[in-house]
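Analysis of the macromolecular model
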Amino acid sequence: MLAAIGAAAPLQEAGVTALSLPETYYAELAAAYQRRRDMLLGLLEEDREALVFASVCLHHEPPLVQHGLAVAIRLADLARARKAPRELLKAIVATAMVHDLGKSLLEESLRESPAFDATQREQLSEHVVLLRDRLEGCRWLAPQVIRSLVSEVNERLDGSGYPNGLQGTDLSELSRMATVVDVVDAMTRHRPDRAAWS
């Protein structure tokens, strides 16, 4: 069932562009996305341990999908333990699933680089702005949650993060929670520039 949440054929590979999509496509996409968000949240409420375990077994999904789902599950679990309201949990799940998809808009050679110099790190950080700009008009993701999970998830308490070098109290509680979940999940995944940490 979890595979159904993440399974999707990349539109770009199929030759589909935003200009070639009918108006109804976006409404259907939003409805399908919301159903999957609700399914994921329902699974978390029904059997938390099984869902968290299943999230590490998505070996056939693209890495960005694996990471997005894992962050969505773990962050919703953490927020739920902190008694977040259900509507906020829905927004967290929906946004966390796509929080890193801006990386798919970068050149593959950059994403697959075995080492990053300062210029490449700067280019990689552009994924935040690329995704944020595309989500600006999205009516089915909460703007405040987009800010926390897309714009601020790569910031760090000491100000060393990107894109704005925010620090400490400049970051919302949700941003700080998301950062921890995001970093822990990313560290456990293999990347071209380093092996997974165990």
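Look up a bit, the structure's there.
Quick caveat: nothing in here was measured; it's all calculated off a predicted structure.

Before going further, it helps to examine the packing of helix α5 (residues 86-98) against helix α8 (residues 143-151). One way to put it is that α5 packs onto α8 with a least axis distance of 10 Å and a crossing angle of 40°. In terms of orientation, α5 and α8 fall into the oblique class. Crossing angle aside, the handedness with which α5 passes α8 is right-handed. Residues Leu 88, Ala 91, Ile 92, Thr 95 and Ala 96 of α5 touch α8, and the partners they reach there are Val 145, Ile 146, Leu 149 and Val 150.

For the rest of this paragraph, the subject is the packing of helix α3 (residues 48-55) against helix α4 (residues 63-81). The N-to-C vectors of α3 and α4 enclose an angle of 150°; their axes lie 9 Å apart at closest approach. It follows that α3 is roughly antiparallel to α4 by the angle criterion. Pair α3 / α4 crosses with left-handed handedness. Residues Arg 48, Leu 51, Val 52 and Ser 55 of α3 lie in contact with α4, whose contacting residues are Ala 70, Ile 73, Arg 74 and Asp 77. The residue makeup of the contact of α3 with α4, split by class, is four nonpolar, one polar and three charged.

Moving on: unusual backbone geometry. A cis geometry characterises the amide bond from Tyr 162 onward to Pro 163, with omega recorded as 10°. Here Pro 163 lies in the loop between α8 and α9 (173-187).

What follows is about the environment of Val 93. Mapped onto the elements of the fold, Val 93 is located in helix α5. Classification of Val 93 by relative accessible area gives buried; the value is 1%. Placed 52 residues apart in sequence, Val 93 and Val 145 show a C-alpha to C-alpha distance of 9.9 Å. For Val 93, the contacting residues outside a window of four places in its chain are Arg 37, Leu 40, Leu 41, Ala 72 and Ala 76.

What follows covers α3. Since the α-helix packs 3.6 residues into each turn, any two residues three or four apart lie on the same face. The complete set of buried residues in α3 reads Leu 51, Val 52 and Ser 55. Burial along α3 is one-sided: seen end-on, the buried residues are contained in an arc of 95°. Of the exposed residues in α3, those oriented more than 90 degrees away from the buried face are Glu 49 and Phe 53.

To continue, consider the pattern of salt bridges. All told, the structure shown has 10 salt bridges when counted by the stated rule. With its nearest N and O atoms 2.9 Å apart, the salt bridge here joins Asp 38 to Arg 37. Assessed through its relative accessible area of 29%, Asp 38 is described here as partly exposed. In this structure, Arg 48 and Asp 77 form a salt bridge, with 2.8 Å as the shortest nitrogen-oxygen distance. Of this pair, Arg 48 sits in helix α3 while Asp 77 sits in helix α4, and the two are 29 residues apart along the sequence. With relative accessibility at 40%, the residue Arg 48 sits in the partly exposed group.

Checked against the element boundaries, Leu 51 lands in helix α3. Of the residues examined, Leu 51 reaches a relative accessible area of 5% and is grouped as buried.

Grouped together as the largest cluster of nonpolar side chains are 37 residues, with contacts concentrated most on Leu 40, Leu 75, Leu 141 and Leu 149. Mapped by element, the contributors of at least two residues to this core are α2 (23-46), α3, α4, α5, α7 (118-135), α8 and α9. What Leu 75 contacts, discounting residues up to four positions off in sequence, is Ile 92, Leu 149, Leu 174, Met 177, Ala 178 and Val 181.

Tracing the backbone shows Ser 113 in the loop between α6 (108-111) and α7. Within the structure, Ser 113 has its side chain in polar contact with the backbone oxygen of Ala 115 (distance 2.5 Å). In this structure Ser 113 touches Gln 120, Pro 192 and Asp 193, once residues within four positions along its chain are discounted.

Rules of the game
Residues numbered from 1 in each chain as written. Predicted model: local features only at pLDDT ≥ 70, side-chain atom pairs only at ≥ 80, totals over all residues. Heavy atoms only, no water. Axes fitted to C-alpha atoms, helices over the stretch in contact; angles between N-to-C directions. Helix = DSSP H or I, 4+ residues; strand = E, 2+ residues; numbered from the N terminus. Parallel < 35°, antiparallel > 145°, perpendicular 65-115°, else oblique. Left-handed = near helix turned anticlockwise from the far one by under 90°. Contact = heavy atoms within 4.5 Å. Nonpolar A, V, L, I, M, F, W, Y, C, P; charged D, E, K, R; others polar. Buried < 20%, exposed > 50% of the residue type's maximum accessible area, 1.4 Å probe, protein only. Arc of directions from axis to C-beta. Salt bridge = Lys/Arg side-chain N within 4 Å of Asp/Glu carboxyl O. Core = buried A, V, L, I, M, F, W, Y, C linked by side-chain atoms within 4.5 Å. Polar contact = N/O pair within 3.5 Å; in protein donor to acceptor, adjacent residues only side chain to side chain.

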